[in-house]
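Read off the chains here:
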Amino acid sequence: MRKLLILFLIGSLLSCTTNTKLETVEVHFYPSFLHPTKFTIDLEKKTLEQYTYQDHYNVEEKTEDDTYVIHQKDTLIVHYQKTFPIDDEVLQHFLRSIESNEFNETIENYKPVLDGIGFGFKKINTKNDSISLSSNITNRREATIEYKLLEPFFELAYTSIDDYEGISGVENIQDYFAYGLRIKKAADNPLEYRIWGSIRGCREDQQELLTFLENLPDNEPVLFDLRNGSFSYCLDEVLEEFVQKKTLYIYGNKYATKAKK
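Residues numbered from 1 in each chain as written. Predicted model: local features only at pLDDT ≥ 70, side-chain atom pairs only at ≥ 80, totals over all residues. Heavy atoms only, no water.

Observations regarding the state of the cysteines
Part 1 of the argument: As enumerated under the stated definition, the model contains 1 disulfide in all.
Part 2 of the argument: One disulfide in the model links C202 with C234; its S-S distance is 1.7 Å. Negative torsions about the S-S bond denote left-handed disulfides, and the value of about 105 degrees found for C202 with C234 makes this one right-handed. One end of the pair, C202, is in the loop between β12 (198–199) and α5 (207–214); the other, C234, is in the loop between β14 (230–231) and α6 (236–245), and 32 residues separate them in sequence.
Part 3 of the argument: Looking at C234, the relative accessible area reads 34%, which means it is partly exposed. (Disulfide = S-S within 2.5 Å. Helix = DSSP H or I, 4+ residues; strand = E, 2+ residues; numbered from the N terminus. Buried < 20%, exposed > 50% of the residue type's maximum accessible area, 1.4 Å probe, protein only.)

Concerning the environment of L248
Part 1 of the argument: If you trace the backbone, L248 turns up in strand β15 (residues 248–251).
Part 2 of the argument: The exposure class of L248 is buried, given its relative accessible area of 3%.
Part 3 of the argument: A sequence separation of 32 residues divides L248 from L216, and the C-alpha atoms of the two residues are 9.5 Å apart.

What to know about the packing of helix α2 (residues 88–99) against helix α3 (residues 144–160)
What describes two packed helices is the angle between their axes and the distance between those same axes.
Part 1 of the argument: Look at α2 against α3: their axes get within 9 Å of each other, and the N-to-C directions meet at 170 degrees. Between α2 and α3, the crossing angle belongs to the class labelled roughly antiparallel. Residues V90, L91, H93, F94, S97 and I98 of α2 form the contact with α3, whose participating residues are L149, P152, F153, E155, L156, T159 and S160.
Part 2 of the argument: Of the residues belonging to the contact of α2 with α3, the class tally is 8 nonpolar, 4 polar and 1 charged. (Axes fitted to C-alpha atoms, helices over the stretch in contact; angles between N-to-C directions. Parallel < 35°, antiparallel > 145°, perpendicular 65-115°, else oblique. Contact = heavy atoms within 4.5 Å. Nonpolar A, V, L, I, M, F, W, Y, C, P; charged D, E, K, R; others polar.)

Here you go:
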């Protein structure tokens, strides 16, 4: 009888452990000027679903006195929805990264802002219990835990998503955060870089950009993909200068410079 009781207790403990296993990670983004996007990471299926939507839209109605009244229609519109497989090694690295920080309780971290981005990070176990982080802080000095979660998420997303529209959506979201110069290498032969967000400011604000351009090879063609990125008008003279000094080819934005097409 005693052995049966011990076996029952062990079985109950194992069952509890199994039932509280982490099952899903959800990452939500609510950017100003863009539609909300939800990413669902299914740990059992090893998949990432990217889902961009809006849950309402506005309709203007003209009244008899030639004014307009705006009515809100509560209608779900899906703009993008795709699911991608996640490599097991990539998934395990992601899980180790999010478990190695202090995200072990529900946290809300907000401050008053006019626009920007709100986002949430939620861990859900097999009993549907969850803990979550909700925040709108993008300053790295203030958002310590946020970036400890965002960085492994963006790494997983870029590694797993193999669709151009999906990648562009992730880039548009990441552009709201503090990630330095919005340039990443896309290919080695020929050498190609992708501008994945808005590079703002003027010459005096962009020492990092100047250093990057100076370090490009002098006698080798370099391609710049601006399909989902841009330079501020104030940087036109910087780009024109380096077009004369380097062999730069730019595509995706005919207004960027007079560089070789």
